[in-house]
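Observations on chain architecture
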Protein chains: 2
Amino acid sequence: MSALEPLLEFLSIPSVSTDPTHKEDVRKAALWLAERLKERGFYTELHETSLHPILYAERLLDPKAPTVLVYGHYDVQPPDPLELWESPPFSPTLRDGRVYARGASDDKGQLWAHVAALEGLSARVNVKFLVEGEEEIGSPNLLPFVRAHREKLRADVVLISDGAMFAPHTPTLTYGLRGLCYLEVRLKGARRDLHSGAFGGVAPNPIQALGWILARLKDEETGRVLIPGFYDRVRPVSEEERRLWPPLDEALLKGELGVEALPGEEGYTPLERLWARPTLDPNGIWGGYQGEGSKTVIPAEAGMKLSMRLVPDQDPEEVASQVEAYLREICPPGYTLEVLRLHGGKPVLTDPHSPPMRLMAEALEEVWGRPPVYAREGGTIPVVAELQEVLGAPIVLLGLGLPDDNLHAPNEKFDLVNLEKGIAVLRRFYGLLAGAR
Amino acid sequence: MSALEPLLEFLSIPSVSTDPTHKEDVRKAALWLAERLKERGFYTELHETSLHPILYAERLLDPKAPTVLVYGHYDVQPPDPLELWESPPFSPTLRDGRVYARGASDDKGQLWAHVAALEGLSARVNVKFLVEGEEEIGSPNLLPFVRAHREKLRADVVLISDGAMFAPHTPTLTYGLRGLCYLEVRLKGARRDLHSGAFGGVAPNPIQALGWILARLKDEETGRVLIPGFYDRVRPVSEEERRLWPPLDEALLKGELGVEALPGEEGYTPLERLWARPTLDPNGIWGGYQGEGSKTVIPAEAGMKLSMRLVPDQDPEEVASQVEAYLREICPPGYTLEVLRLHGGKPVLTDPHSPPMRLMAEALEEVWGRPPVYAREGGTIPVVAELQEVLGAPIVLLGLGLPDDNLHAPNEKFDLVNLEKGIAVLRRFYGLLAGAR
């Protein structure tokens, strides 16, 4: 596939946006992409920000033709734990019809399908690209950029591929995303690390205190989040919407996770818990001695990363305030608590039956030979809610990845059949859109 | 002070017993010490073990003279967190009448006082040294060595300096030590790390589960350890013993720890909690993303180091079994629990009024100008219970360190006045012991 070679080049750039030592690599990825768009007749602008640049590009053929805005991101998650990768994360490797690399599915591979689809496209459609390097850290600079460049970004459709199909060989249209509220919690006890023999019995232990806090954040029996007000704004799922949902193959999901049960909030099906219920998960924890063998220390500090996935109509800022207030309330006496708000993103629901969604459904059925399923996704793309609010254009979420792509984990991969069919679907969509006007 | 220069040399050897990369350094420390003892007329033997060598040395002057066995250890704790040291841990540095280095107080400085005290000593006393390199990892090879060399180690008194004085300028005789049970707990959930958006709501989270487990190990309100049977064998403190205890300066202790309260088990004084009550403390915890910024991962694994300080008549093996059984009972479903027993040590009580304790009290009063206080210690020296059982000789615990020596923490130090007075006390003790026979 001629689209593959440039993608391997794109994937070999370690554009880890959260890691300051990779700042130049993130920039390199933006410049690389700009070159590929120029080769395809685009005018490009690199907008500097306080951190990573935003790439804007446009190919305007006809003011009367419909305009599509494509959003994607060229940054990737950190690759650690490195030792669990079967091939190095930034040496893209082909195995069994898949390309393995950090960013293969999230989002370089999917973004690349959109660039490759434009090669020699005859359909009269104006295309704009908005590509950022800060998606994995919550798009702090993109959100104000969108508000400031409302006119430039104006479009009839917003096209986004930064998600997954519901299952292999199952064309999927996504109409909902969860939001995110991501915090760091730091707890301090004594002034310094202490010997557990000399001081055990009178010293505060921040690790123990984090345990008490975690147990008060989520109920062990019911799986319910215990933060007051957390569920207040959660919109219930209508019967009509529920009928739209495909059946979830729970046995397959258990097999994929290697688990015998799917633990979660009592009273909801696994699919509802993934798509329409908010969650709370600690994403990292640290404190004291983590090396080989034993060290009898009571650490002065411990900390954790804590995130909540949100659903309409929860608001990330409001949830962050609820969590922070509750943490201050439940923090045991004798500890100093610090809460950092790392990033957030609003949840999204779009109209599954908007005109461009109907055209995309047609394109999917033609290419895959079967109609798409309609799905929400559990993940977050912070800019989507913003694009929806600011541009007011219908949004089409076309996930090209698969649920087992190992996003944010070792051995991330992207199936080449999805790249190939994705390009074909997009070319067909542009054709339908040009004809529909 | 002429005793200082060799000590600085001793302290510059990074003999971290728990870290395999320092195996040769641990050996180097043993060889260095053997040379210093040879210089002082000792016959030495280096006994190889499966890990770090045991140094035995003897200077036998007269079969009719009393024999003293000195125990100490030449291994040290890991120095991390390195960034909190004001001078490098293995570049001993003098500041304000103290030497700063890892091992300065625990135990190289105190052990060195015993070697230096023998320089030109005229008292007719036989002296044996038993020095190990595995104290910080629970003395796994020393305990069988003591049982196997009962005859060789036979002595009238066992002298040990591996602890602290009750307060500065307060000569102290220690008659009790806590024991230790140290475990590592590992928890596995899904087969691999998971994206918290794609799987949050159906995935086990081992960090959250560790939180639930920690909350069930120790009660937040009462500070009581919740492990069934844990307190069953705890010997209550007699009124007679309690009258022996010096008053604890709680304000000073709070100031030293930088805390406003001394949290611990409800219903006991801070001193009793430090000396005569068992504790439970997580000493380290890890799992998920610990780097800068955010990563939205649900980790496949998390773990912690967990230790219990024990008091007479608790038994480390029995407690380990109690903890392990309880952990299996409270581990939430859907997780794989692994418990590793890292090390242990039995608690000790000795007779505060044995004949050699009375002689040492006399020596202390002569050198310091005030009688000693009688104290227990919260820490553990695994071999002491073993020496007591196997040799049957009275044990004198003469702590030369101070409570603020930063044992097992950054900026460990040893006060030179304690080195100097310690040497003088030991020389006087040998004189009294030779005369007493």
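Looking at an unreviewed UniProt entry, chain A carries the name Dipeptidase, with the source organism given as Thermus tengchongensis.

1. Brief notes about the overall build of chain A
Each helix and strand counted, chain A has 14 helices and 18 strands in total. For 437 residues, the compact-globule formula gives about 22 Å, and the C-alpha radius of gyration of chain A, at 23 Å, lands near that figure. C-alpha atoms of chain A, sized along the principal axes, occupy 75 × 50 × 45 Å. The 437 residues of chain A split such that 64% are buried. Within chain A, residue pairs in contact and separated by at least 24 positions form 79% of the contacts whose partners lie at least 6 positions apart. Accessible surface, chain A as shown: approximately 15,700 Å² in total, 50% of it carbon and sulfur. Across chain A, 47 positive and 64 negative side-chain charges occur, with their mean positions spaced 3 Å apart.

2. Considerations on the domain arrangement of chain A
Residue and element names in this part refer to chain A. With domains assigned, chain A is organised as domain 1 (4–178 + 347–436) and domain 2 (179–247 + 278–345). Distance from the C-alpha centre of domain 1 to the C-alpha centre of domain 2: 32 Å. Taken together, the contact between domain 1 and domain 2 spans 19 residues of the former and 19 residues of the latter. Interface area for domain 1 against domain 2, summed over the two sides, is near 1,500 Å², with a carbon-plus-sulfur share of 62%.

3. Quick notes on the sheet that holds strand β14 (residues 336–345) of chain A
In spatial order, the strands read β14(A)-β9(A)-β13(A)-β11(A)-β11(B)-β13(B)-β9(B)-β14(B); together these 8 strands make up an open sheet with antiparallel pairing. Each of the sheet's edge strands pairs with one partner strand only, and the pair in question is β14 of chain A together with β14 (336–345) of chain B. Sheet twist, expressed as the mean angle between neighbouring strand axes with direction ignored, is 20 degrees. Inspection of the sheet shows strand β11 (residues 279–288) of chain B paired to strand β13 (residues 301–310) of chain B by 8 bridges, in the antiparallel sense. Its bridge partner lying in β13 of chain B, P282 of chain B is registered against L306 of chain B. Sheet contacts for helix α7 (residues 206–217) of chain A: β9 (179–188), β11 (279–288) and β13 (301–310) of chain A together with β11 of chain B; angle to β13 of chain A, the most-contacted strand, approximately 20 degrees.

4. Regarding the relation of the copies chain B and chain A
If you rotate chain B by 180 degrees and push it 0.0 Å along the axis, it lands on chain A with an RMSD of 0.0 Å. A rotation of that kind, with that shift, is consistent with a two-fold axis. Taking C-alpha positions as reference, the residue of chain B nearest the rotation axis is G211 of chain B, located at 1.9 Å. An overlap of 99% is found between the interface residues of chain B and their copies at the interface of chain A, pointing to a shared contact surface.

5. Overview of the side chain of S139 of chain A
Within the element layout of this structure, S139 of chain A appears in the loop between β6 (126–132) and α4 (142–148). Excluding residues within four positions of it along the chain, S139 of chain A makes contact with Y71, E132, E134 and P382 of chain A.

6. Focus on the pattern of salt bridges
Per the stated rule, a full pass over the model turns up 68 salt bridges over all chains. In this structure, R186 of chain A engages E184 of chain A in a salt bridge whose closest nitrogen and oxygen atoms are separated by 2.9 Å. Taking relative accessible area as the criterion, E184 of chain A reaches 7% and is therefore assigned buried. R147 of chain B is the salt-bridge partner of E386 of chain B, the closest N and O atoms lying 2.6 Å from each other. A residue pair is termed long-range when its members are at least 10 positions apart, and E386 of chain B in helix α13 (residues 382–391) and R147 of chain B in helix α4 (residues 142–148) qualify at 239 residues. Three or more residues are tied together by salt bridges with common partners; here these are R98, D404, D405, K413 and D415 of chain A.

7. Digging into unusual backbone geometry
Residue and element names in this part refer to chain A. For the bond from P312 to D313, the omega torsion is 5 degrees, close enough to zero to count as cis. Tracing the backbone through its elements, the reader meets D313 in the loop between β13 and α11 (316–330). Not every positive phi belongs to a glycine, and N406 is a case in point at roughly 60 degrees. Mapped onto the secondary structure, N406 falls in the loop between β17 (395–397) and β18 (413–415). Residues other than glycine seldom take positive phi values, yet N411 does so here, at roughly 60 degrees.

The rules behind these values
- Residues numbered from 1 in each chain as written.
- Chains lettered and ligands numbered in written order.
- Predicted model: local features only at pLDDT ≥ 70, side-chain atom pairs only at ≥ 80, totals over all residues.
- Heavy atoms only, no water.
- Helix = DSSP H or I, 4+ residues; strand = E, 2+ residues; numbered from the N terminus.
- Rg over C-alpha atoms; globule rule 2.2 N^0.38 Å.
- Buried < 20%, exposed > 50% of the residue type's maximum accessible area, 1.4 Å probe, protein only.
- Contact = heavy atoms within 4.5 Å.
- Areas by Shrake-Rupley, 256 points an atom, 1.4 Å probe, with all protein chains shown as cover.
- Lys, Arg positive; Asp, Glu negative; His and termini not counted.
- Charge placed at Lys NZ, Arg CZ, Asp CG, Glu CD.
- Domains from an automatic or database assignment.
- Buried area = accessible area lost by both parts, 1.4 Å probe.
- Pairing = 2+ DSSP bridges.
- Axes fitted to C-alpha atoms, helices over the stretch in contact; angles between N-to-C directions.
- Least-squares fit on C-alpha atoms with pLDDT ≥ 70 in both.
- Salt bridge = Lys/Arg side-chain N within 4 Å of Asp/Glu carboxyl O.

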